[in-house]
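What follows is the residue order along each chain.
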Amino acid sequence: MRKIFSKWIDNYFSNEEVMLLLVLLAGALGVILYLGQALTPVFTSIILAFLMQGMIVWLKEHNVPHLASVMLVFTLFISVLLSLLLFIIPLAWKQSVNLFNELPGMVSQAKKVLLLLPQQYPDIFSEQQITQIIDLATTELRKVGQMVVTYSLNSITGLVALLIYVVLVPILIFFFLKDGSSLVRWWVSFLPQKREMLTQVWTEMDQQIANYVRGKVIEIFIVGSVTYIAFALLGIDYAALLGIMVGLSVLIPYIGAALVTLPVALIGFFQWGWTNEFWYLMLAYGIIQALDGNVLVPLLFSEAVNLHPVSIIIAVLVFGSIWGFWGVFFAIPLATLIKAILNAWPKSHSFIQDSGGTGQG
């Protein structure tokens, strides 16, 4: 057994490029774990600059100078940021506060509906079960209220952090866009000349990550905007808040659409009950989800990452639990990175043959 294990180590970890890759991955993981909170503005800036790099490349291909391309893209980014800060976020926050204020009335209405179940279906529901469900829901709502109060008490700290992001992140983005190539060349100069494995991993990852991240941002914007317009035309309350929720739900494949269906249905039910308007709402929502999955996603992700749905769900759960929002957002690229590393990892057929021969003997 020891001989087999030693041969496995020699075959798969004796390559110097393998050790270099392991050191780089361990270093990156250590930086994220121990300095991630302090360097969050830097990571955020790198991600946003990466998203905008495609527009700069397109402008340069159309004979626009580099600095002019950077200024045009950066101006577009500032315009979008100001729109978010001045219009979309305040509107969503206002609707969130209104929804929270109306929750007690919704709970009372839900109690009346639930208390009818033991009378209509006495063989399935008992009054004790319904009371337990109502008590559990009331307890959870109290926890949400405590979270809102806590957030309000810490609003000064949150405001300071927001100001830091609003000022620091755009500055970093501008310099990453302007001097990104020189920064990459400076970093690569520290690596050994022999780096075929690293090059293979990077080549496999670069195009796929670029397509995925940019496509996902476009998908969020389109799905969120179309949902808001459709819900606003139907006259449902909290259309902006629901539009943002539905847009962000595309970050979590398979799971997000199922989770966001519940608040859409509940708000529609509390507003209209079992009326035609409610079913029109659910029909519109179903059409949006169908068009997203069958039309928009194939168009945006033409070079889709070839991962099994089980692998995607596991990646979302694992990386989301580690890094929260960004872990969910980059779950598929991170899973693809692991796959690319495994594909580039040196394989020894002699080890497999020797192991098979040993097992037969």
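Residues numbered from 1 in each chain as written. Predicted model: local features only at pLDDT ≥ 70, side-chain atom pairs only at ≥ 80, totals over all residues. Heavy atoms only, no water.

### Here we look at the overall build of the protein
Looking only at helices and strands, one finds 14 helices and 0 strands in the protein. When the helices and strands of the protein are listed from N to C terminus, the series reads α-α-α-α-α-α-α-α-α-α-α-α-α-α. The burial tally for the protein puts 29% of its 361 residues in the buried class. Restricting the contact set of the protein to residue pairs at least 6 apart, pairs at least 24 apart contribute 73%. Total accessible area on the protein stands at roughly 22900 Å², and carbon and sulfur atoms take up 70% of it. (Helix = DSSP H or I, 4+ residues; strand = E, 2+ residues; numbered from the N terminus. Buried < 20%, exposed > 50% of the residue type's maximum accessible area, 1.4 Å probe, protein only. Contact = heavy atoms within 4.5 Å. Areas by Shrake-Rupley, 256 points an atom, 1.4 Å probe, with all protein chains shown as cover.)

### So, helix α4 (residues 66-115)
Maximal helix bending in α4 amounts to about 45°, located at L103; proline P104 follows within four positions. Buried within α4 are the following residues: S69, V70, V73, F74, F77, L81, A92, Q95, L99 and M106. (Bend = angle between axes of the 7 residues up to and from the residue.)

### Description of the packing of helix α10 (residues 255-272) against helix α11 (residues 276-300)
For the pair α10 and α11, the least separation of the axes is 9 Å and the interaxial angle reads 160°. The orientation of α10 with respect to α11, classified from their angle, is roughly antiparallel. Note on packing geometry: the crossing formed by α10 with α11 is right-handed. In this structure, α10 contributes A257, V260, T261, V264, A265, G268, F269 and W272 to the contact, and α11 contributes E277, F278, L281, M282, Y285 and Q289. Partitioned by chemical class, the residues of the contact of α10 with α11 number 10 nonpolar, 3 polar and 1 charged. (Axes fitted to C-alpha atoms, helices over the stretch in contact; angles between N-to-C directions. Parallel < 35°, antiparallel > 145°, perpendicular 65-115°, else oblique. Left-handed = near helix turned anticlockwise from the far one by under 90°. Nonpolar A, V, L, I, M, F, W, Y, C, P; charged D, E, K, R; others polar.)

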